[in-house]
Amino acid sequence: GSITTAKLADGAATAVKRGEGSTLQVIRTTSALANYSTTSDTYSERAAITITPKRAGSDFLINLTCRPNTYAGEATNALASCQFSRNVNSAGDSNMLTIDEGLKIYVDTSDNSVNGAIVMGPLAPVWYLDEAPTYSLGQSIVYKFWFACHGGTSAIQPSDGWMTVTEIAG
């Protein structure tokens, strides 16, 4: 015979079977990212999400929405820099990605005509696909967003900025 929904006890089936490429879960930071400004070369953790995978071999899509900006004063080169890291089962943070090429400012002061420059990044998402990281079911993965400045002053202005992690069945 066949199994029908009517033959299943309440609570016997908790989810439909999902194939490769299916979204298994989506987790978002519990609050919007806070405005942040720095002159430090040292990366500061600005957001973190903990996810416990529902399936072995999943991929994880990390999405961050924020507006980075950089200010360079006279004779100063500046660059805002972002990183994503992964920490599986409290084994320590592993850098996955550094993004800093699109927000560089190089100030040429040879003729003293430039007193400063500011570059505002667009309010646009940054996406990163973490393909099949090594983990065991039951272990948690913490994804983090880090921010630093290399010269000048850099800031992130969230304007409703969020970080989201989506588990995709592998």
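Given the structure is predicted, the values throughout are model-derived calculations rather than measurements.

So, how was this worked out
For every chain, the first residue of the written sequence is number 1, and numbering continues from 1 along that sequence. Restriction of local features to residues with pLDDT of at least 70 applies here, the model being predicted, together with a cutoff of 80 or more for giving and counting side-chain atom pairs; totals for whole chains, interfaces and linings are based on all residues. Side-chain measures here rest on the full set of heavy atoms in the structure, leaving out hydrogens and waters. A run of H or I in DSSP counts as a helix once it spans at least four residues, and a run of E counts as a strand once it spans at least two, with each numbered from the N terminus. Between buried and exposed lies partly exposed: a residue is buried under 20% and exposed over 50% of the maximum accessible area for its type, with that area taken using a 1.4 Å probe on protein chains only. Contact between two residues is taken to exist if any of their heavy atoms lie within 4.5 Å; hydrogens are not considered. Only the protein chains shown count as covering a residue, and every accessible area follows the Shrake-Rupley method with a 1.4 Å probe. Criterion used throughout: strands pair if DSSP finds at least two bridges between them. Throughout this description, the term nonpolar core refers to a set of buried Ala, Val, Leu, Ile, Met, Phe, Trp, Tyr and Cys residues connected via side-chain atoms within 4.5 Å. Polar contact criterion, stated in full: a pair of N or O atoms within 3.5 Å, where within protein one must be able to donate a hydrogen and the other to accept it, and residues adjacent in sequence count only if both atoms are side-chain atoms.

Draft legend 1. Looking closely at the overall build of the chain. When you go through the chain residue by residue, the secondary structure sums to zero helices and twelve strands. Listed N to C, the secondary structure of the chain is β-β-β-β-β-β-β-β-β-β-β-β in terms of helices and strands. Here the chain holds 170 residues, and the buried ones make up 39% of them. Of the contacts made within the chain by residues no fewer than 6 positions apart, 83% connect residues no fewer than 24 positions apart. Working note: accessible area of the chain is about 9,400 Å², and carbon and sulfur atoms make up 49% of it.

Draft legend 2. Region of interest: unusual backbone geometry. A positive phi is found at Ser90, a non-glycine position, where the angle reads about 60 degrees. Examined against the element boundaries, Ser90 turns out to sit in the loop between β5 (77–88) and β6 (94–99). Since its relative accessible area comes to 69%, Ser90 is described here as exposed. Despite not being glycine, Ala132 has its phi angle at roughly 40 degrees, a positive value. Residue position: Ala132 is located in the loop between β9 (124–130) and β10 (141–149). Judged by relative accessible area, which is 43%, Ala132 ranks as partly exposed.

Draft legend 3. Representation of the pairing of strand β12 (residues 163–168) within the structure. Among the six residues of β12, six are classified as buried, and the element is accordingly described as predominantly covered. Judged by which residues are buried, β12 turns out to be covered on both faces: Met163, Val165 and Glu167 on one side and Thr164, Thr166 and Ile168 on the other are all buried. Direction of pairing for strand β1 (residues 23–28) relative to β12: antiparallel, over a ladder of five bridges. Bridging across to β12, Arg28 finds its partner in Thr164.

Draft legend 4. Spotlight on the nonpolar core. By size, the foremost hydrophobic cluster in this structure holds 22 residues, and its most contacted members are Tyr143, Phe145 and Met163. If you list the elements that add at least two residues to this core, you get β3 (44–51), β4 (59–73), β5, β10 and β12.

Draft legend 5. Molecular detail of the side chain of Ser58. Residue placement: Ser58 occurs in the loop between β3 and β4. Classification of Ser58 by relative accessible area gives buried; the value is 0%. There is a polar contact of 2.7 Å between the side chain of Ser58 and the side chain of Glu167. Look past the residues within four positions of Ser58 in its chain and what remains in contact with it is Leu24, Ala132, Pro133, Tyr135, Glu167, Ile168, Ala169 and Gly170.

Draft legend 6. Representation of the side chain of Ser44 in the model. Looking at where Ser44 falls in the secondary structure, it is placed in strand β3. Here the side chain of Ser44 touches Arg46 through a polar contact of 3.1 Å, side chain to side chain. Not counting residues up to four positions away in its chain, the partners in contact with Ser44 are Tyr36, Phe145, Trp146 and Phe147.

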